[in-house]
Amino acid sequence: MANTIWDRYGGYSFVAKAVDDFYARVLLSQSLVGYFEKIDMEQLISHQIETIGAVMGGPYSLDVEALRRAHAHLKIKNEHFNEVAEILASTLDDNGLSAHDRDTLMEVVASTRDVIVEITETAA
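Everything quoted here is computed from the prediction, not taken from an experiment.

Within the protein, the regular secondary structure consists of eight helices and zero strands. Over its C-alpha trace the protein gives a radius of gyration of 14 Å, about what one expects of a compact globule, namely 14 Å for 124 residues. The principal-axis extents of the C-alpha atoms in the protein amount to approximately 45 × 25 × 25 Å. Looking at the protein as a whole, 39% of its 124 residues qualify as buried. Considering only contacts within the protein whose residues lie at least 6 apart along the sequence, 73% involve residues at least 24 apart. In the structure as shown, the protein presents an accessible area of about 7300 Å², 54% of it carried by carbon and sulfur atoms. With 10 positive and 20 negative side-chain charges, the protein shows a separation of 3 Å between the mean positions of the two kinds.

In structure tokens form, the structure reads like this:
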């Protein structure tokens, strides 16, 4: 019996498909697309597969300091963090994650707000 979310959903192939779907949705948002204008999307997708994979119990580790460094220059606002989280939750739902497993992942996402959102925004 599979004991991690990673194992239950098929590991890398599930995460890679969900991450591709997620970014396709994110890039449709007029309020978010500007964050990705000069980003190497192939590299970003690879990193996101590792990040989501780590949260799902896969063979990766979640590096919170790397998340902080990667997002520091972007000056991300709370409203944009919330929109990305909503897109991720609906993507996970549409890709077949159970509500319980989705909520488990989204709790970890919520815990990263302080390292992703601009400091002046988190105090607001």
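Anyway, onward from the coordinates.
Glancing now at the packing of helix α2 (residues 12-26) against helix α3 (residues 41-55). To characterise two packed helices, one gives the angle between the axes of the helices and the distance between these axes. Their axes nearest at 9 Å, the elements α2 and α3 cross at an angle of 130 degrees. As far as their axial angle goes, α3 and α2 are oblique. For the pair α2 and α3, the sense of crossing is right-handed. Only Met41, Leu44, Ile45, Gln48, Ile49, Ile52 and Gly53 of α3 make contact with α2, whose side of the interface consists of Tyr12, Val15, Ala16, Val19, Asp20, Phe22 and Tyr23. A breakdown of the residues in the contact of α2 with α3 according to their chemical character gives eleven nonpolar, two polar and one charged.

Ranked by size, the top nonpolar core spans 33 residues in total, and within it Val15, Tyr23 and Met56 carry the most contacts. Listed by contribution, the elements that provide at least two residues to this core are α1 (5-8), α2, α3, α5 (78-94), α6 (99-111) and α7 (113-116). With eight residues, α2 is the largest single contributor of residues to this core. If near-sequence neighbours (up to four positions away) are discounted, Tyr23 is found in contact with Phe36, Met41, Leu44, Ile45 and Gln48.

All right, on to the packing of aromatic side chains then. Enumeration according to the criterion identifies four aromatic pairs in this entry. A centroid spacing of 5.7 Å and a plane angle of 80 degrees characterise the contact between Trp6 and Tyr60, whose relative ring orientation is edge-to-face. One end of the pair, Trp6, is in helix α1; the other, Tyr60, is in the loop between α3 and α4 (64-72), with 54 residues separating them in the sequence. Residue Tyr60 is classed as partly exposed on the basis of its relative accessible area, which comes to 26%. Feature note: the residues Phe22, Tyr23 and Phe36 constitute an aromatic cluster, connected by ring pairs.

This brings us to the layout of surface pockets. Here the largest pocket is characterised by a volume of approximately 920 Å³. In terms of lining residues, the largest pocket is bounded by 35 residues, among which Tyr23, Leu44, Gln48, Leu67 and His71 are the most central. Broken down by secondary-structure element, the contributors of at least two residues to the lining of the largest pocket are α2, α3, α4, α5 and α6. The dominant element in the lining of the largest pocket, judged by the number of residues it contributes, is α3, at eight residues. Class assignment of the residues belonging to the lining of the largest pocket gives a composition of 23 nonpolar, nine polar and three charged.

Each value, and the rule that gives it
- Residues numbered from 1 in each chain as written.
- Predicted model: local features only at pLDDT ≥ 70, side-chain atom pairs only at ≥ 80, totals over all residues.
- Heavy atoms only, no water.
- Helix = DSSP H or I, 4+ residues; strand = E, 2+ residues; numbered from the N terminus.
- Rg over C-alpha atoms; globule rule 2.2 N^0.38 Å.
- Buried < 20%, exposed > 50% of the residue type's maximum accessible area, 1.4 Å probe, protein only.
- Contact = heavy atoms within 4.5 Å.
- Areas by Shrake-Rupley, 256 points an atom, 1.4 Å probe, with all protein chains shown as cover.
- Lys, Arg positive; Asp, Glu negative; His and termini not counted.
- Charge placed at Lys NZ, Arg CZ, Asp CG, Glu CD.
- Axes fitted to C-alpha atoms, helices over the stretch in contact; angles between N-to-C directions.
- Parallel < 35°, antiparallel > 145°, perpendicular 65-115°, else oblique.
- Left-handed = near helix turned anticlockwise from the far one by under 90°.
- Nonpolar A, V, L, I, M, F, W, Y, C, P; charged D, E, K, R; others polar.
- Core = buried A, V, L, I, M, F, W, Y, C linked by side-chain atoms within 4.5 Å.
- Phe/Tyr/Trp six-rings, centres within 6.5 Å; stacked < 30°, edge-to-face > 60°.
- 1 Å grid on protein atoms, 1.4 Å probe; cavity = no way out; pocket = protein on both sides within 12 Å on 5 of 7 lines; lining within 4 Å.
- Points joined across faces, edges and corners; volume = space filled by probe spheres on them.

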